[in-house]
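For reference, the chains in residue letters:
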Amino acid sequence: MVDDRAAGIAAFIEPLRVEPGTKVHLAEDFDPGYKAGIRKKKEGVELLRGGIELLADYQRRLAAQDTYGVLVCLQALDAGGKDGTIRHVMSGVNPQGVSVSSFKVPSDEELDHDYLWRYACRLPRRGEIGIFNRSHYEEVLVVRVHPENLERQKLPEAARGPDVWERRYREINQWERYLTDNGFKVVKLFLNLSKEEQRARFLKRIDVPERNWKFSAADVRERARWDDYQRAFSQMLSATSTQWAPWYVIPADHKWFARVCAAAVLGHTLIEIDPQYPQVSDRTRRDLAKVRRELERQAPEGAASDPYAESAGKPKKRGRSGGKG
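As a convention, each chain's residues are numbered from 1 in the sequence order in which they are written. Where local features are concerned, this predicted model is filtered to residues with pLDDT of at least 70; where side-chain atom pairs are given and counted, the filter is 80 or more; whole-chain, interface and lining totals use all residues. Only heavy atoms go into the side-chain values, all of them from the structure, while hydrogens and water stay out.

Colleague: What is the right way to read helix α3 (residues 41-65) from this model?
Modeller: Residues spaced three or four apart along an α-helix face the same direction, because each turn holds 3.6 residues. Across its 25 residues, α3 extends 36 Å between first and last C-alpha, which sits within 8% of the 36 Å expected from 1.5 Å per residue. By the burial criterion, the buried members of α3 are Gly44, Leu48, Gly51, Ile52, Leu54, Leu55, Ala56, Tyr58, Gln59, Arg61 and Leu62. For helices the rule is a DSSP run of H or I covering at least 4 residues; for strands it is a run of E covering at least 2, with both sets numbered from the N terminus onward. At the exit of α3 stands aspartate 66, carrying a positive phi of roughly 55°. Expected span of a helix, by definition, is 1.5 Å for each gap between consecutive residues, and there is one gap fewer than residues. Throughout this description, buried means an accessible area under 20% of the type-specific maximum (1.4 Å probe, protein chains only), exposed means over 50%, and partly exposed covers the range between.

This is the structure in structure tokens:
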């Protein structure tokens, strides 16, 4: 059954995967309105519920095994749905096993280090899922669209040449290879929003008073650079989708479907890791059996000696007299 589920998830996300070595033309290759033939939102909600249950199960195993970590990189234009994706997809997991980091304009301290330093400082631990709400890819997206940001990074003149972006692509690929070689899986999700859907979401933020706080005039100014961002995204996807850390382009015009896709990609990664609960030694099992017998002897009269075993349908024992109470 697990194999069937794994095969189904793998087939579902395959159209979203950026094949390493291919050249991406975002507007031509990926449809923001794609729904994989799912016509009703209700169907999507059911799929998401199943995905959340799967993630909760595997996240518990990941934490217990304490061998692998998972880094999720979320990239999108403004109003792409990053926050909602995190909130819904991770709703069933233990909050102690998940960390979320959002990266804003770099501080003076961060600018005094290399451009990957602040991201390295927020990497997940083993057994943990770490989410970057915007990630190190900002360094080849926003910084590329706004080259004045590159000037603020105090780079030596030789490091600011025309090959800076190709060099950063290479450095990022190597850094992610280093992470995966050391047991940290990298999951990269680009929420692909259409220009018209972004316009509609901006208007909703203005029209609905409870959403006014989410609106920023700066977002609209960035919208004027739409074509520049589309080129930057296309070049980034082409250069940094690798066998060890491929990109998945998530259709984001339908929020419910984007969440289904994000849960499926993360679930696929965890299934591939296949984390297992640690096996205890024979000596530990003997110690546990001894402790169980002692705890069972402490059951009050009429109480089940082992309530969990009784609820699981195992033979019943009663405290003290052994009567039925």
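Colleague: Help me understand the packing of helix α4 (residues 82-89) against helix α13 (residues 255-273), please; the structure alone is not making it clear to me.
Modeller: Pairs of packed helices are described in terms of their axes, by the angle between the two and the distance that separates them. Simply put, an axis is a line fit to the C-alpha atoms, just over the touching stretch for a helix, and the angle between two N-to-C directions goes from 0 to 180 degrees. Contact geometry of α4 with α13 gives a least axis separation of 9 Å together with a crossing angle of 60°. The orientation of α4 relative to α13 falls into the category oblique. Crossing of α4 over α13 shows right-handed handedness. Where α4 abuts α13, its residues Gly84, Thr85, His88 and Val89 lie against Arg259, Ala262 and Ala263. Between 65 and 115 degrees an angle is taken as roughly perpendicular, under 35 as roughly parallel, over 145 as roughly antiparallel, and anywhere else as oblique. Crossing handedness: left-handed means the near helix sits turned counterclockwise from the far one by under a right angle, and right-handed means the same turn made clockwise. Should any heavy atoms of two residues lie within 4.5 Å, those residues are considered in contact.

Colleague: Would you take a moment to explain the nonpolar core for this structure?
Modeller: In a soluble, globular protein the nonpolar side chains are often hidden away together inside. To define a nonpolar core, start from buried Ala, Val, Leu, Ile, Met, Phe, Trp, Tyr and Cys residues and group those joined through side-chain atoms within 4.5 Å. Core analysis: the largest hydrophobic core is formed by 44 residues, its most contacted members being Val70, Met90, Ile129, Leu189, Ile250 and Leu270. Within the residue set of this core, elements represented by two or more residues are α1 (2-13), α3, β1 (69-76), α4, β3 (129-133), β4 (184-192), β5 (247-251) and α13. The greatest single-element share of this core, amounting to 13 residues, is contributed by α13. For valine 70, the contacting residues outside a window of four places in its chain are Leu62, Pro124, Glu128, Ile129, Gly130, Lys185, Val187, Leu266, Leu270 and Ile273. Grouped together as the second largest cluster of nonpolar side chains are 36 residues, Phe30, Tyr115, Val145 and Ala245 included.

Colleague: Hey, could you run me through the pairing of β1 in this one?
Modeller: Here is the key point about a regular strand: its side chains alternate between the two faces of the sheet. Among the eight residues that make up β1, eight are buried, leaving the element largely enclosed by the rest of the structure. Of the two faces of β1, the one lined by Gly69, Leu71, Cys73 and Gln75 and the one lined by Val70, Val72, Leu74 and Ala76 are each fully buried. In this structure, β1 lies alongside β4, joined through eight bridges in parallel fashion. Looking across to β4, one finds that leucine 74 is bridged to leucine 189. Inspection of the sheet shows β1 paired to β3 by five bridges, in the parallel sense. Its bridge partner being in β3, leucine 71 is matched across the sheet by glycine 130. In short, DSSP must find at least two bridges between two strands for them to pair.

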